Amino acid sequence: MGKTVYLGIDPGADGGVAVIEEDYDDNAYQTKPKVRLVKLAGATEKAIWNLLSEYGDYSDVLPASAKVYCTLEQIVPRPTHYYDRKSGRHISTILKSTCLIYGSYTLIRGMLHGCGIPFEEKLPQTWLKAFNLSTKAGESKTQWKNRLKSKAQQLFPRLPITLAVADALLLAEYGRRLHTKEKETGSV
């Protein structure tokens, strides 16, 4: 009996963690995958650590033969530029919200390292392309997030998907598809 776990982590302010667990019997037949969804908003660092450590090197939940893959949405802080009329200069600054999201991202990266969970960082443009998703001209953030939720609901119709976990679930599914394709083709 083998087990493969795919984690998807959206480290945003209203982000989440999705876990897709696949079990295989001795004949390599897959049983129905189990999915776990956890929103990060309001979660303490200890709660996030406890969650991730369930899937790490020293897990007492997973068998030693389990394979764990994680896809973490990569955050790249970019400065905001604006024109200051008072001084007559262009100013570059990094918004507080960007600092908070980047802080969450680096905290989660450190926790993944600490737990011994292998992970790949993917920019949103990269993993969204796999689902043929991109923002549309004039689309609001709410409309965009609802489209992501709709795609996650389409792929996992029996799950109660919320805006907080839709991105994470799509990231986990992206990682699952990526690693399943590698197994089939033998490429790494």
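Participant: Lay out the sheet that holds strand β1 (residues 2-10) with the relevant residues and their values.
Facilitator: Spatially, five strands are ordered β3-β2-β1-β4-β7 in an open sheet, and the strand pairing comes out mixed. Bordering the open sheet on either side are β3 (34-39) and β7 (119-122), each of which pairs with just one other strand. On average, each strand axis in the sheet is inclined to that of its neighbour by 15°, with strand direction left out of account. Of the strand pairs in this sheet, strand β2 (residues 16-24) and β3 are connected by six bridges, and their pairing is antiparallel. Each bridged residue has a counterpart across the sheet, and for V17 the counterpart in β3 is V38.

Participant: Run through unusual backbone geometry, naming residues and quoting values.
Facilitator: Phi is positive for N132, which is not a glycine, with a value near 55°. Among the secondary structure elements, N132 is positioned in the loop between α3 (124-129) and α4 (141-155). For N132, a relative accessible area of 72% puts it in the exposed group.

Participant: An account of the packing of aromatic side chains is requested, with residue identities and associated values reported.
Facilitator: The final tally for this structure, using the stated rule, is one aromatic pair. Here Y6 and Y69 contribute two aromatic rings whose centre-to-centre distance is 5.7 Å and whose plane-to-plane angle is 15°, an arrangement assigned as stacked. Of this pair, Y6 sits in strand β1 while Y69 sits in strand β4 (residues 67-73), and the two are 63 residues apart along the sequence. The class of Y69 is partly exposed, set by a relative accessible area of 23%.

Participant: I'd like a description of the pattern of salt bridges, backed by residues and values.
Facilitator: Close approach of charged atoms allows side chains of opposite charge to pair. Taken as a whole and judged by the stated rule, the model has ten salt bridges. D23 is the partner of K3 in a salt bridge, and the nearest nitrogen-oxygen pair spans 2.9 Å. Placement of the pair is K3 in strand β1 and D23 in strand β2, with a sequence separation of 20 residues. A salt bridge links K34 to D23; its shortest N-O distance comes to 3.4 Å.

Rules used in this analysis
- Residues numbered from 1 in each chain as written.
- Predicted model: local features only at pLDDT ≥ 70, side-chain atom pairs only at ≥ 80, totals over all residues.
- Heavy atoms only, no water.
- Pairing = 2+ DSSP bridges.
- Helix = DSSP H or I, 4+ residues; strand = E, 2+ residues; numbered from the N terminus.
- Axes fitted to C-alpha atoms, helices over the stretch in contact; angles between N-to-C directions.
- Buried < 20%, exposed > 50% of the residue type's maximum accessible area, 1.4 Å probe, protein only.
- Phe/Tyr/Trp six-rings, centres within 6.5 Å; stacked < 30°, edge-to-face > 60°.
- Salt bridge = Lys/Arg side-chain N within 4 Å of Asp/Glu carboxyl O.

It is worth stressing that arrangement in space is one thing and function is another; only the former is reported here.
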